[in-house]
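# Chains, contacts and geometry: an overview
Letter by letter, the chains look like this.
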Amino acid sequence: MRIELLASPWCGMCATMRRMLGDSVEVVDVVAHPERRADVSLQTVPVLVFRDDNGRKLSEHSGFLPRSKFEELVKRYS
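All of the points below concern the structure found in this document. (Residues numbered from 1 in each chain as written. Predicted model: local features only at pLDDT ≥ 70, side-chain atom pairs only at ≥ 80, totals over all residues. Heavy atoms only, no water.)

A word on the sheet that holds strand S2 (residues 26-29). Backbone hydrogen bonds hold the strands of a sheet together, and the pairing may be parallel or antiparallel. In space, the four strands of this open sheet follow the order S2-S1-S3-S4, with mixed pairing throughout. A single partner strand is all that each edge strand has here, and the edge strands are S2 and strand S4 (57-62). The sheet shows a mean angle of 20° between the axes of neighbouring strands, direction not considered. Alignment of strand S1 (residues 2-7) against S2, held across four bridges, turns out to be parallel. The residue bridging Leu-6 from the neighbouring strand is Val-28, located in S2. Docked against the sheet, helix H1 (residues 12-21) engages S1, S2 and strand S3 (47-51), running at close to 150° with respect to S1. Helix H2 (residues 67-77) rests against S1, S3 and S4 of the sheet, and its axis sits at about 20° to S3. (Pairing = 2+ DSSP bridges. Helix = DSSP H or I, 4+ residues; strand = E, 2+ residues; numbered from the N terminus. Axes fitted to C-alpha atoms, helices over the stretch in contact; angles between N-to-C directions. Contact = heavy atoms within 4.5 Å.)

In structure tokens:
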């Protein structure tokens, strides 16, 4: 499973989630890489995208998530 954190440079909640989740997610700057948001309903950031090993989107979650909720989602999609 692959987890992406879609973020922008000016987003405070994105920065908080980057620090909180560390290396467990791939951070994607949606300003620098707009093509990476093609299959995501991006209306706000941050957005967590869960993908299978083939890159198929399993789920996406918009907005800030506490660590406990993130861990619950990881268990669900693993």
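Core analysis: the largest hydrophobic core is formed by 10 residues, namely Ile-3, Leu-5, Met-17, Leu-21, Val-25, Leu-48, Phe-50, Leu-65, Phe-70 and Leu-73. For this core, the elements supplying multiple residues, two or more each, are S1, H1, S3 and H2. What Phe-70 contacts, discounting residues up to four positions off in sequence, is Ile-3, Leu-21, Ser-24, Val-25, Leu-48 and Phe-50. If you look at the next biggest cluster of nonpolar residues, it comprises six residues, including Leu-6, Val-30, Val-47 and Val-49. (Core = buried A, V, L, I, M, F, W, Y, C linked by side-chain atoms within 4.5 Å. Buried < 20%, exposed > 50% of the residue type's maximum accessible area, 1.4 Å probe, protein only.)

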